[in-house]
Amino acid sequence: MQEENDDILEQITSSEYKYGFVTDIEADEAPKGLSEDIVRFISAKKNEPEWMLEYRLKAYRQWLTMEEPTWPNVQYPAINFQDVIYYSAPKQKVAPNSLDEIDPELRKTFEKLGISLDEQKRISGVAVDAVIDSVSVATTFKEELSKVGVIFCSMSEAIQEHPELIKKYLGSVVPATDNFFSALNAAVFSDGSFCYIPKGVRCPMELSTYFRINAANTGQFERTLIVAEEGSYVSYLEGCTAPMRDENQLHAAVVEIVAMEKAEVKYSTVQNWYPGDKEGKGGIYNFVTKRGICAGDHSKISWTQVETGSSVTWKYPSVILKGDHSIGEFYSVAVTNNFQQADTGTKMVHIGKNTRSRIVSKGISAGKSQNSYRGLVSVAKNASNSRNFSQCDSLLLGDKCGAHTFPYIEVKNNTAIVEHEATTSKIGEDQIFYCNQRGIDTETAVALIINGFAKEVMNQLPMEFAVEAQKLLAISLEGSVG
Amino acid sequence: MLKIENLQARIEEKEILKGINLEIKPGEIHAIMGPNGSGKSTLASVLAGREDYEVTGGSVDFLGKDLLEMSPEDRAKEGLFLAFQYPVEIPGVSTTNFIKTAVNEKRKYLGQEPLDAAQFLKTMKEKMKLVEIDQSLLSRSLNEGFSGGEKKRNEIFQMAMLEPKLAILDETDSGLDIDALRIVANGVNQLRSKDNAFLVVTHYQRLLDYIVPDFVHVLYKGRIVRSGTKELALELEEKGYDFIKAELEKETV
Ligand SMILES: Nc1ncnc2c1ncn2[C@@H]1O[C@H](COP(=O)(O)OP(=O)(O)O)[C@@H](O)[C@H]1O
Ligand SMILES: [Mg+2]
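To keep things clear, this report deals only with the structure shown in the data block.

Parameters at a glance
- Residues numbered from 1 in each chain as written.
- Chains lettered and ligands numbered in written order.
- Predicted model: local features only at pLDDT ≥ 70, side-chain atom pairs only at ≥ 80, totals over all residues.
- Heavy atoms only, no water.
- Helix = DSSP H or I, 4+ residues; strand = E, 2+ residues; numbered from the N terminus.
- Contact = heavy atoms within 4.5 Å.
- Areas by Shrake-Rupley, 256 points an atom, 1.4 Å probe, with all protein chains shown as cover.
- Phe/Tyr/Trp six-rings, centres within 6.5 Å; stacked < 30°, edge-to-face > 60°.
- Buried < 20%, exposed > 50% of the residue type's maximum accessible area, 1.4 Å probe, protein only.
- Pairing = 2+ DSSP bridges.
- Axes fitted to C-alpha atoms, helices over the stretch in contact; angles between N-to-C directions.
- Buried area = accessible area lost by both parts, 1.4 Å probe.
- Salt bridge = Lys/Arg side-chain N within 4 Å of Asp/Glu carboxyl O.
- Near = heavy atom within 4 Å.
- Nonpolar A, V, L, I, M, F, W, Y, C, P; charged D, E, K, R; others polar.
- Polar contact = N/O pair within 3.5 Å; in protein donor to acceptor, adjacent residues only side chain to side chain.
- Donors = N, O, S within 2.8 Å, 3.2 Å for Na, K, Ca; no water.

### Some remarks on the overall build of chain A
Point 1. A count of helical and extended segments in chain A gives 11 helices and 23 strands.
Point 2. Considering only contacts within chain A whose residues lie at least 6 apart along the sequence, 83% involve residues at least 24 apart.
Point 3. Only carbon and sulfur atoms are counted for the fraction: they give 48% of the accessible area of chain A, which is about 18100 Å².

Right, dumping it as structure tokens:
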């Protein structure tokens, strides 16, 4: 680990967003704007069954009656939802039947991002579902997974191949009506990943989805659904990047997790959407609803997120602790620099008895950015002996940024124990000078300090991701001190 | 090794160093004494490259290079070390990891391969003995919750790890009990060689019983007003700083 640490520090050289390239590939796009016709267009493109179209149309009609939330501590110009392209698919010459048939341009794109779609080339066994704009272009290791009964495929495919599962679980954790953006997602979602772990199966490899926005003016609305049957286990990773563009682009995803009795799901995200430039121009609006339900007793859902990208983030991965003795965890590092704004946190909803939740949130703000933690811990009347521990730490670099904490606690059972701790600290000039005096330059010193600050969260990430994430932290904060 | 000529520096419009002259040769130990507020820490900080201080005149040559032109980290990597009067705390960064980073940054600068985990551990074990510091302390966050004595010993430990050419010890003795003082002094004495030099800043002569200086200088109101051998320290101890003040006033009248 130490070795890697040093490597990472050495690699901090360029301060520019390095995933900002555009792939020159023809796209099959819907016209701009949103209407019932567009919803029908998307559904038809995907050759969906009638029930799916109905689901979408219902969500769309619902969305029309809803209002964009204004309570988050973020500011951005009103989004013109008629100015967004809701469907864009890279045109492939032929529909790929196997991984070998993938358009070389697309393959190159993912290679550039450090993701190999070549199964043989993967050293560590990580199965990847690669999603560009609105569609999944490749899913690796499908066969190997299917041997143990694990289903890992794109959402479009799941709708065709596993309609019973989708009908049963889609929207069961995040109903279309949950909020403005989840309704929008339900109406226009185009792709995403579906994964199903059967009873008693420990998924033999990490599953991951890599999301990439490529086309201009498009929004990305992916939908992920993970179902872990009784006694199963899966670790799931999500990564995302986008080209640098002057216009803001919308990303409104929904992720649902269902964990049955004694099942465990670990969901890790390294979110690195384009954050906009130094003046705050461009960047992704990241409005995401992520929620899991510990449906069975002794189940566990753990969210880990490293959020370094997006110009505006609005995201609260949550756990509904319905089963007795179930456990919910939320580990988060959110970095904001320049003009980025993040309002992120979690909700832990204790319903079952003896349920436990743990929240560790580390916010790092630099430049003129604003970083807010917003969290809710609620304990229902019957959730006796529930426990929560929350730790929210903020680290400030410079004095033009802001850190805010909004913890909400609602306890309706007097046997519950809810603890909340919060700290705010600053990287001081004297700390930097101390490092300098030991021969450590300022960039390296900052990387050292923030990695130390975020360690508890980083330790939760799977190894391959942890290294990447540490680099990201350092890079996102480059030039923010001294 | 170090040649300071007519060094002047100020902070926020306030002149603090008013023309310092000092030459240190390899193998020597120099002590700087003086009442509080005379500019001892300022001199140490200016040499280490702290930006808060503005150098308004003079020059400093360090091993043939213009010290004042160098960044603080390059000064360190060239072999200048400052044991801070008030070492800062860095939460979340283990002392071990911190020192390893420092050691390897220096090695990189000197065109040497980084130490691997085993080599590093070996060196660390040796130096730990030297300053009687415990492994458990080094696993903790840098200086966080350390006692005064632990912080000072950690400074000397870092010095031992980095093997500087010139080490400046800013009141490393203050706040130490007699045992800790002996440990610190012992560390310095063992690191002493004909190739390195020490500048020991102290308020009391007590430390100089253990670290015997070749030269003693008295800094007063931003100037070196007396220089001599270790007897000067004893005289100061006996008569107090007021005697210097009184003498100086006589001279200026
Ligand atoms: N950051 C600062 N701002 C203003 N004055 C300072 C600052 N640091 C030191 N000084 C002043 O400079 C003078 C010398 O201080 P210092 O070098 O710390 O003395 P010493 O180490 O000899 O006790 C004192 O008068 C002190 O008040
Ligand atoms: Mg001092």
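### Considerations on the packing of aromatic side chains
Point 1. Scanning the entire structure with this criterion turns up 22 aromatic pairs over all chains.
Point 2. A ring pair is formed by A:F81 and A:F180, whose centres lie 5.4 Å apart and whose planes are at 70°; its orientation type is edge-to-face. Residue A:F81 is found in the loop between α3 (50–64) and β2 (88–90), and its partner A:F180 is found in helix α8 (residues 180–188); the two are separated by 99 residues along the sequence. A:F180 matches A:F81 in its accessibility class, with the two residues each being buried.
Point 3. Ring geometry for A:Y434 versus B:F84: centroids 5.0 Å apart, planes at 35°, classification tilted. Taken together, the residues span two chains, with A:Y434 in helix α9 (residues 429–437) and B:F84 in the loop between β6 (80–83) and β7 (90–94).
Point 4. The exposure class of A:Y434 is buried, given its relative accessible area of 0%.

### Quick word on the sheet that holds strand β3 (residues 29–33) of chain B
All names here are of chain B.
Point 1. Strand order in the open sheet made by the 6 strands is β6-β9-β10-β3-β11-β12, with mixed pairing throughout. At either margin of the open sheet sits one strand with a lone partner, and together these are β6 and β12 (223–228). Taken pair by pair, the neighbouring strands of this sheet meet at an average axis angle of 20°, ignoring direction.
Point 2. Two elements, strand β9 (residues 166–170) and strand β10 (residues 197–201), share 5 bridges in a ladder whose sense is parallel. Counterpart to D170 in the pairing with β10 is V201.

### Points about the interface of chain A and chain B
Point 1. With 23 residues of chain A in contact, the opposing surface of chain B contributes 34 residues.
Point 2. Regarding the contact of chain A and chain B, the summed buried area is about 2500 Å², with carbon and sulfur atoms giving 59% of it.
Point 3. Taken as a group, A:F433, A:Y434 and A:R438 account for 31% of the area that chain A buries against chain B, more than any other trio of residues on that side.
Point 4. Where chain A meets chain B, there are 1 salt bridge.

### Focus on the side chain of A:T313
Point 1. Note on placement: A:T313 falls in strand β15 (residues 312–315).
Point 2. Once residues within four sequence positions are removed from consideration, A:T313 is found in contact with A:V74, A:Q271, A:N286, A:E307, A:Q341, A:A342 and A:D343.

### Observations concerning the site of ligand 1
Residue and element names in this part refer to chain B.
Point 1. As a matter of local geometry, ligand 1 sits amid 13 residues, with I16, G37, K40, S41 and T42 nearest to it.
Point 2. Considering ligand 1 on its own, with 560 Å² of exposed area, one finds that the protein chains cover 66% of that surface.
Point 3. Elements represented by at least two residues in the shell around ligand 1 include exactly β2 (14–24) and α1 (40–48).
Point 4. Ranked by the residues each element gives to the shell around ligand 1, the list is headed by α1, at 3 residues.
Point 5. Its residues assigned to classes, the shell around ligand 1 comprises 4 nonpolar, 6 polar and 3 charged.

### Observations regarding the side chain of A:H350
Residues and elements named next belong to chain A.
Point 1. Structurally, the position occupied by H350 is in strand β18 (residues 341–350).
Point 2. On the accessibility criterion, H350 (0% relative accessible area) is buried.
Point 3. Here T355 takes part through its side chain, which lies 2.9 Å from a polar atom of the side chain of H350.
Point 4. Sequence-distant contacts of H350, defined by excluding residues within four places in its chain, comprise L321, T355, R356, S357, V377, S378, V379, A380, A383, S386, R387 and N388.

### Let's talk about the coordination of the magnesium ion (ligand 2)
All names here are of chain B.
Point 1. The coordination sphere of the magnesium ion (ligand 2) contains the protein donors S41 (OG) and Q85 (OE1), at a distance range of 2.0 to 2.3 Å. Of the two residues, S41 sits in helix α1 while Q85 sits in the loop between β6 and β7, which places them 44 residues apart along the sequence.
Point 2. Take S41: its relative accessible area is 25%, and that puts it in the partly exposed class.

### Concerning the environment of A:L473
Point 1. Its place among the elements puts A:L473 in helix α11 (residues 463–476).
Point 2. Sequence-wise, A:L473 and A:F433 are 40 residues apart; in three dimensions their C-alpha atoms are separated by 21 Å.

### Quick notes on unusual backbone geometry
Point 1. In this structure, B:L63 takes a positive phi of about 50° despite not being glycine.
Point 2. With respect to the helices and strands, B:L63 occurs in the loop between β4 (54–62) and β5 (65–66).

### Some remarks on the sheet that holds strand β1 (residues 2–11) of chain B
Residues and elements named next belong to chain B.
Point 1. What the 4 strands build is an open sheet, ordered β2-β1-β4-β5; its pairing is antiparallel. Since the sheet does not close on itself, it has two edges, and those belong to β2 and β5, each with one partner.
Point 2. Two elements, β1 and β4, share 7 bridges in a ladder whose sense is antiparallel. Residue pairing for β4: I4 is matched across the bridge by V60.
Point 3. The strands that α1 touches are β1, β2 and β4; relative to β1, the one it contacts most, it runs at about 110°.

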